[in-house]
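Summary of the model geometry
Each chain, written out:
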Amino acid sequence: MQPMHTIPAGGGIDYDEFPFLAIWEVTQSCDLACKHCRAAAQPLAHPGQLTNAEAKALIDQIAVLHVPIFVLTGGDPLKRPDIFGLIRYAAGQDVCVALTPSATPMLTRDAVFRLKDAGLVRLGISLDGSTPEIHDAFRGVPGTWARTLQAIEWANEAGIPIQVHTTISRHNAHDLDNLCALFEKLAIVMWNVFFLVPVGRGQLDDLLTGEEFEQVFGKIYELSQRVNFQIKTTEAMHYRRYLLQHNLEERRMSHGHGNARLQEVAAAYEPGAPTADAGTRNRSWATRRVNDGKGFLFISHVGSVYPSGFLPIQAGNIRETPLAEIYRNAPIFRALRDSSRLEGKCGVCEYKEICGGSRARAFAVTGNPLAQEPCCIYQPRNWTPRGEDGLASARRAALAAELVTL
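Being a predicted model, the structure only gives us computed values, none of them experimental. (Residues numbered from 1 in each chain as written. Predicted model: local features only at pLDDT ≥ 70, side-chain atom pairs only at ≥ 80, totals over all residues. Heavy atoms only, no water.)

The secondary structure content of the chain amounts to 14 helices and twelve strands. Buried positions account for 58% of the 406 residues belonging to the chain. Taking the contacts inside the chain whose residues are at least 6 apart along the sequence as the reference set, 72% of them involve residues at least 24 apart. Looking at the chain as shown, the accessible area adds up to about 16300 Å², and 52% of this sits on carbon and sulfur atoms. (Helix = DSSP H or I, 4+ residues; strand = E, 2+ residues; numbered from the N terminus. Buried < 20%, exposed > 50% of the residue type's maximum accessible area, 1.4 Å probe, protein only. Contact = heavy atoms within 4.5 Å. Areas by Shrake-Rupley, 256 points an atom, 1.4 Å probe, with all protein chains shown as cover.)

Here the focus is the nonpolar core. Counting 103 residues, the largest nonpolar core has W24, F70 and W191 as the members making the most contacts within it. At seven residues, helix α5 (residues 144-158) tops the list of elements feeding residues into this core. Those residues in contact with W191 that lie beyond four places of it in its chain are V164, T166, L176, L179, C180, F183, L223, F229, Q230, I231 and K232. Grouped together as the second largest cluster of nonpolar side chains are seven residues, L244, C349, I354 and C376 included. (Core = buried A, V, L, I, M, F, W, Y, C linked by side-chain atoms within 4.5 Å.)

Counted according to the given criterion, the structure contains 13 aromatic pairs. Pairwise contacts between aromatic rings join F195, F213, F217, Y221, Y239 and Y242 into one cluster. The ring of F84 has R114 lying over it, and the distance from NZ or CZ to the ring centre is 3.8 Å. (Phe/Tyr/Trp six-rings, centres within 6.5 Å; stacked < 30°, edge-to-face > 60°. Lys NZ or Arg CZ within 6 Å of the ring centre and 35° of its normal.)

This brings us to the sheet that holds strand β12 (residues 316-317). Taken together, ten strands build an open sheet; the order of strands is β7-β6-β5-β4-β3-β2-β1-β10-β11-β12 and the sheet is mixed. Only two strands of the sheet have a single neighbouring strand rather than two, namely β7 (230-234) and β12. Taken strand by strand, α5 contacts β4 (122-126) and β5 (162-168), and its axis lies near 165° from that of β4. Contacts from helix α7 (residues 210-224) reach β5, β6 (190-195) and β7 within the one sheet, and its direction differs from that of β6 by about 175°. (Pairing = 2+ DSSP bridges. Axes fitted to C-alpha atoms, helices over the stretch in contact; angles between N-to-C directions.)

This part takes up the pattern of salt bridges. Inspection of the entire model under this criterion finds 14 salt bridges. Here R226 ties to E184 by a salt bridge, and the two come within 3.4 Å at their closest N and O atoms. Remark: E184 occurs in the loop between α6 (176-183) and β6 and R226 occurs in the loop between α7 and β7; sequence separation between them is 42 residues. Residues joined in a network through salt bridges with shared partners are D177, E184, K219, E222 and R226. (Salt bridge = Lys/Arg side-chain N within 4 Å of Asp/Glu carboxyl O.)

Here is the structure:
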């Protein structure tokens, strides 16, 4: 997501001090029953969700931190009655707000135009299949696919840039070509390809293997060469490695430089900077170094702060501690920003500073947020796996005692 002028053109954000992206789960309430739902959303709002005054205090803290991207999610944000007022308040604080509503009867044309009037800079909407049969089965409610396309039409009419989110799993990995063909008929600015993290309703059996990840990476790379919108990945940090490998190969083939340095290519991938891939017609959107807890944070509906919505290790609560203090000083955040603490292949990988693997997926699969990315097949040059299992087990026990301090 790239809200206008607020993103530093060349990066330069100190992730030890400031997040690049903050996501606030404004409510857990939602009328859908999506198979992959992180929040295990339910129709009724939690009685302890942040009040209007607490929500405005959170927005004030986001403004002080100069967070470039502030996303309001859920549940379904439209289930919160004061959502339009909160967006207007944030816009008045020069906070660029994006919203990810659910495609329910609440997402009306009037609601879309009210969001625009309140100051929304981008609408993120989910589309997980090229047909109603695929998408509606994933979302758990018939008619969701049709409502989604209608909402995109209304957003275009209102002049709100559209970002489409697709969660990739075994359910729809075969549908990428058809999805892309559909998106090319719609006026979207970005396709955010989210790779499943098996938490909440997201099931481990739906998770792609490392080999299947690489196949999807290849397909995304192929599609990015010809579409007229940007493509971004989420919870697939190793797609950055995939891109760099291909860029290096293309440079060697184009210029005959067999010893192109990794840093020269990696330098292009700064936070928020759309970058041109060699030989492509569009710009692929990659974020250098951003990861769970590193330039990224998540605030729950009750004010709890996490490295991401998919990494359920609580770092604090904004009702007790200022957001900046939690982000800068909580042990889990500090550990996740220290690449020297990564374990297994990730710990020795030459790409770890720009990738680092999904910390959320590592935790979901192994119980250790610093374990190696479980869905990456790349073998680092200095990787010697012998004896790693015992070492990882011992370090995992020590990590649990150190990080879970609340």
